[in-house]
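# Reading the structure
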Amino acid sequence: MRKSLKTTLLITVPLLVLAISLLLPRVRLLTAHFLPSSSSIALRHSSTSALSNMAFEKELQVALLAVQRATLLTKSVFHSHAKGTLSKNDASPVTIGDFGAQALIISALQHNFPNDEIVAEEEAKDLRENSQLRETVWELVQAAKLSDAQVEKDVLGGAISSADSMLDIIDKGDSKGGSSGRIWAIDPIDGTKGFLRGGQYAVCLALMVDGDVKVGVLGCPNLPVSDSEPLKEGIGADASDEEGRFGVLFSAVQGQGAESRPFTAGALKEGKSIQMKPLSNIADATFCESVEAGHSSQGDAANIASKLGITKPSVRMDSQAKYGSIARGAGDLYLRLPVRKDYQEKIWDHAAGDLIVREAGGMVTDVDGQKLDFSHGRTLKENKGVIAAPKSVHGKVIEVVKEVLGRPT
Ligand SMILES: Nc1ncnc2c1ncn2[C@@H]1O[C@H](COP(=O)(O)O)[C@@H](OP(=O)(O)O)[C@H]1O
Ligand SMILES: [Mg+2]
Ligand SMILES: [Mg+2]
Ligand SMILES: [Mg+2]
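Numbering of residues starts from 1 in every chain and runs along the sequence as written. Lettering of chains starts at A and numbering of ligands starts at 1, both following the order in which they are written. With the structure being a predicted model, the display of local features is reserved for residues of pLDDT at least 70 and the display and counting of side-chain atom pairs for 80 or more, all residues being used for whole-chain, interface and lining totals. Side-chain measures here rest on the full set of heavy atoms in the structure, leaving out hydrogens and waters.

Bringing the UniProt feature "binding site: Mg(2+)" (unreviewed entry) in the chain into the picture now. Annotation from UniProt places "binding site: Mg(2+)" (unreviewed entry) at Glu 121, Asp 187, Ile 189, Asp 190 and Asp 349. The annotated residues occupy 229 residues of the chain but converge on a single region, no pair of C-alpha atoms lying more than 9.7 Å apart. Checking the annotated residues one by one, the ones that line the largest pocket turn out to be Glu 121, Asp 187, Ile 189, Asp 190 and Asp 349. Examined against the element boundaries, Asp 187 turns out to sit in strand β4 (residues 182-190). Assessed through its relative accessible area of 0%, Asp 187 is described here as buried. UniProt positions are given in the numbering used here, feature names are shortened, and annotations may be inferred rather than shown by experiment. Both cavities and pockets are sets of points on a 1 Å grid over the protein atoms alone; in a cavity a 1.4 Å probe fits but cannot get out, in a pocket the set is open with protein on both sides within 12 Å along at least five of seven lines, and lining residues sit with an atom within 4 Å of a point. Counting from the N terminus, the helices are the DSSP runs of H or I reaching at least four residues and the strands are the DSSP runs of E reaching at least two. Type-normalised accessible area, obtained with a 1.4 Å probe on protein chains alone, sets the label of each residue: buried when under 20%, exposed when over 50%, and partly exposed for intermediate values.

Shown as donors are all N, O and S atoms within 2.8 Å of a metal ion, widened to 3.2 Å for Na, K and Ca; because water is not in the atom set, sites may appear incomplete. Those donors, Asp 187 (OD), Asp 190 (OD) and Asp 349 (OD), are the protein atoms that reach the magnesium ion (ligand 3), and they lie 1.9 to 2.1 Å from it. Between the magnesium ion (ligand 3) and the magnesium ion (ligand 2) the interatomic distance amounts to 5.1 Å. Separated by 162 residues along the polypeptide, Asp 187 in strand β4 and Asp 349 in the loop between β12 (333-336) and α13 (351-359) bring together distant segments of the chain. Residue Asp 187 shares its accessibility class with Asp 349, and that shared class is buried.

A separate point is the layout of surface pockets. Taken as a whole, the largest pocket encloses approximately 1,200 Å³ of empty space. Contributing to the lining of the largest pocket are 50 residues, with Lys 88, Asp 90, Ser 92, Glu 121 and Tyr 343 lying nearest its centre. Mapped onto the lining of the largest pocket, the elements with two or more residues apiece are β2 (93-94), α6 (125-129), α9 (163-171), β4, α10 (192-197) and β12. For the lining of the largest pocket, the leading source of residues is β4, giving three residues. By the convention adopted, Pro, Cys, Tyr, Trp, Phe, Met, Ile, Leu, Val and Ala count as nonpolar, Lys, Arg, Asp and Glu as charged, and the other residues, Gly among them, as polar. Counted by class, the lining of the largest pocket contains 14 nonpolar, 14 polar and 22 charged residues. Residue ranges assigned to each domain were obtained from an automatic or database domain assignment. Per-domain counts for the lining of the largest pocket show at least three residues from each of domain 1 (57-274) and domain 2 (282-405). Grid points are joined across faces, edges and corners, and a volume is the space filled by probe spheres set on the points.

Every buried residue belonging to α9 is among Ala 163, Ser 165, Met 166, Leu 167, Ile 169 and Ile 170, and all of these are buried. Packing partners of the buried residues in α9 comprise α5 (96-112), α6 and α7 (131-143). Contacts are assigned to residue pairs that have any heavy atoms within 4.5 Å of one another.

As a further point, take the site of ligand 1. Proximity criterion: a residue is near a molecule or strand once any of its heavy atoms comes within 4 Å of it. Near ligand 1 you find 16 residues, and of these Ser 290, His 295, Ser 319, Lys 322 and Asp 349 are the closest. In the model, an oxygen atom of ligand 1 is placed 3.0 Å from a nitrogen or oxygen of the Ile 189 main chain. Polar contact is defined as a pair of N or O atoms within 3.5 Å, subject to the rule that within protein one atom must be able to donate a hydrogen and the other to accept it, and that residues adjacent in sequence are counted only when both atoms are side-chain atoms. The separation between a nitrogen atom of ligand 1 and a polar side-chain atom of Tyr 343 is 3.1 Å. The fraction of the free accessible surface of ligand 1 (580 Å²) that becomes covered by protein chains is 90%. Judged by the fraction of its atoms near the pocket grid, ligand 1 is located in the largest pocket. In terms of residues, the shell around ligand 1 owes the most to one element, β4, which gives three residues. Of the residues in the shell around ligand 1, the class split is two nonpolar, six polar and eight charged. If you count residues domain by domain, the shell around ligand 1 takes at least three from each of domain 1 (57-274) and domain 2 (282-405). What sets the accessible areas is the Shrake-Rupley method with a 1.4 Å probe; for residues, cover comes only from the shown protein chains. Occupancy of a cavity or pocket is assigned to a molecule whenever over half of its atoms lie within 2 Å of that pocket's grid points.

It is worth spelling out the nonpolar core at this point. Residues enter a nonpolar core if they are buried and are Ala, Val, Leu, Ile, Met, Phe, Trp, Tyr or Cys, with the set joined through side-chain atoms within 4.5 Å. Leu 109, Val 141 and Met 166 are the most contacted members of the largest nonpolar core, which totals 57 residues. Sort the elements by how many residues they give to this core and helix α4 (residues 57-80) lands first, with eleven residues. Excluding anything up to four places from it in sequence, Val 141 contacts Leu 73, Gly 100, Ala 103, Leu 104, Ile 160 and Met 166. In terms of nonpolar packing, the next biggest core, distinct from the first, is built from 41 residues, Ala 252, Met 317, Ala 330 and Ala 351 among them.

For α7, with 13 residues, the first-to-last C-alpha span of 18 Å sits near the 18 Å given by 1.5 Å per residue. Buried residues of α7: Leu 133, Arg 134, Val 137, Trp 138, Leu 140 and Val 141, and no others. Around the axis of α7, the buried residues are gathered within 160° of arc, so they sit on the same side. Of the exposed residues in α7, those oriented more than 90 degrees away from the buried face are Gln 132 and Ala 143. One fewer than the residue count of a helix, multiplied by 1.5 Å, yields its expected span. Here, the arc refers to the directions that run from the helix axis to the C-beta atoms.

Each domain of the chain was delimited in the assignment, giving domain 1 (57-274) and domain 2 (282-405). Of note, the centres of domain 1 and domain 2, computed from C-alpha atoms alone, are 23 Å apart. The interface of domain 1 with domain 2 comprises 54 residues on the first partner and 35 residues on the second. A simple way to read buried area is as the amount of 1.4 Å-probe accessible surface that goes missing from two parts once joined, with both sides added. A buried area of about 3,200 Å², summed over both sides, lies between domain 1 and domain 2, and 63% of it is on carbon and sulfur atoms. The three residues of domain 1 that bury the most area against domain 2 are Val 213, Leu 231 and Glu 233, which together make up 20% of that side's buried surface. A carboxyl oxygen of Asp or Glu within 4 Å of a side-chain nitrogen of Lys or Arg is what we treat as a salt bridge. At the surface where domain 1 touches domain 2, the tally comes to four salt bridges. One salt bridge connects Glu 292 with Arg 197, and the closest N-O pair in it is separated by 2.6 Å. At the junction of domain 1 with domain 2, the criterion picks out 16 residue pairs in polar contact (both at pLDDT 80 or more).

If you want it as structure tokens, here you go:
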């Protein structure tokens, strides 16, 4: 009896060990691919209904990691390369960082969601015509990797196969956009002028379904990690070298709240829920606006602020870092006031930030108080400007904006 028990154990124990060792890597792979690691990207939900509905969990995980990898590329451009700056048809700048970041994000989206459409800011034409530029971007793209090789491969799909396929991938961002289906909006570097100056910039990604923004992620490598640090001008790439104090990822999923987490090169850190700052007296508000006077009328902003009784000077910063900053309560208002009648805002300049502010308890509209409508193609052609504010004061701000800009009431 004892002998047969011993024999059985001798056979079954090694078999069990073998089975477990064969199964474990598969379970790990599946977990990495389909389920976010609970410690690394645990979502905090703002409502109980969200707890029973973890919608867009995979989209959020992929978006966070794709933005993180692309942001690593942009940081590497800032620190070690000439920026390879070109002037586009509209005289705005584009750099090797913009091209590289767009290639990496689209590659990750195609690996996970091959049927989704993509609206992205850049196109590969200049790289097709300039082989030296193409090689520089290709080198950058090959070098940009998350430190976790398993996540890099399983979640983001690993490396792009060749320089030519990189060009095709960049051009996959040519969707016309619209009101139906799943469409991602990418701004590989928002605030390119800020990036070139060493100021704020953001790597931006949002998913729209039937014209409605469902997921938004912003990578802001030059903003402070701390949500409570007051809004300040002049923090930029030099400061971001200070170990651990700079670099933040903002994210939001519709109906599930907004979060911030420290930016890293490795596993995603846990997200922390963020909210707009309660503002009982509008006169105490801090408002932010573009650094570029050509993107937002600073004169109109000053008039609006003064009529609202605001005495603090505006905080000027580039990019959707403005949306992230007010969503975390570091500032209160974001005013973007049209400079030219004919300019149509681009959806990739606003989709992620709009959702992040709304999920943090804010309200985002155009200068007439209409919500931003992402269902009209690549631009926000039915909207003019952007006004983002806490819900409690948004109506008052719009009243004054209309008065100063002479908009119909
Ligand atoms: N006349 C204009 N009015 C408003 N926005 C403009 C503009 N010309 C360019 N932009 C947009 O302003 C964005 C930067 O915004 P901000 O001033 O808040 O940093 C640019 O994004 P990119 O830098 O991605 O090209 C660009 O799309
Ligand atoms: Mg641009
Ligand atoms: Mg932009
Ligand atoms: Mg851009």
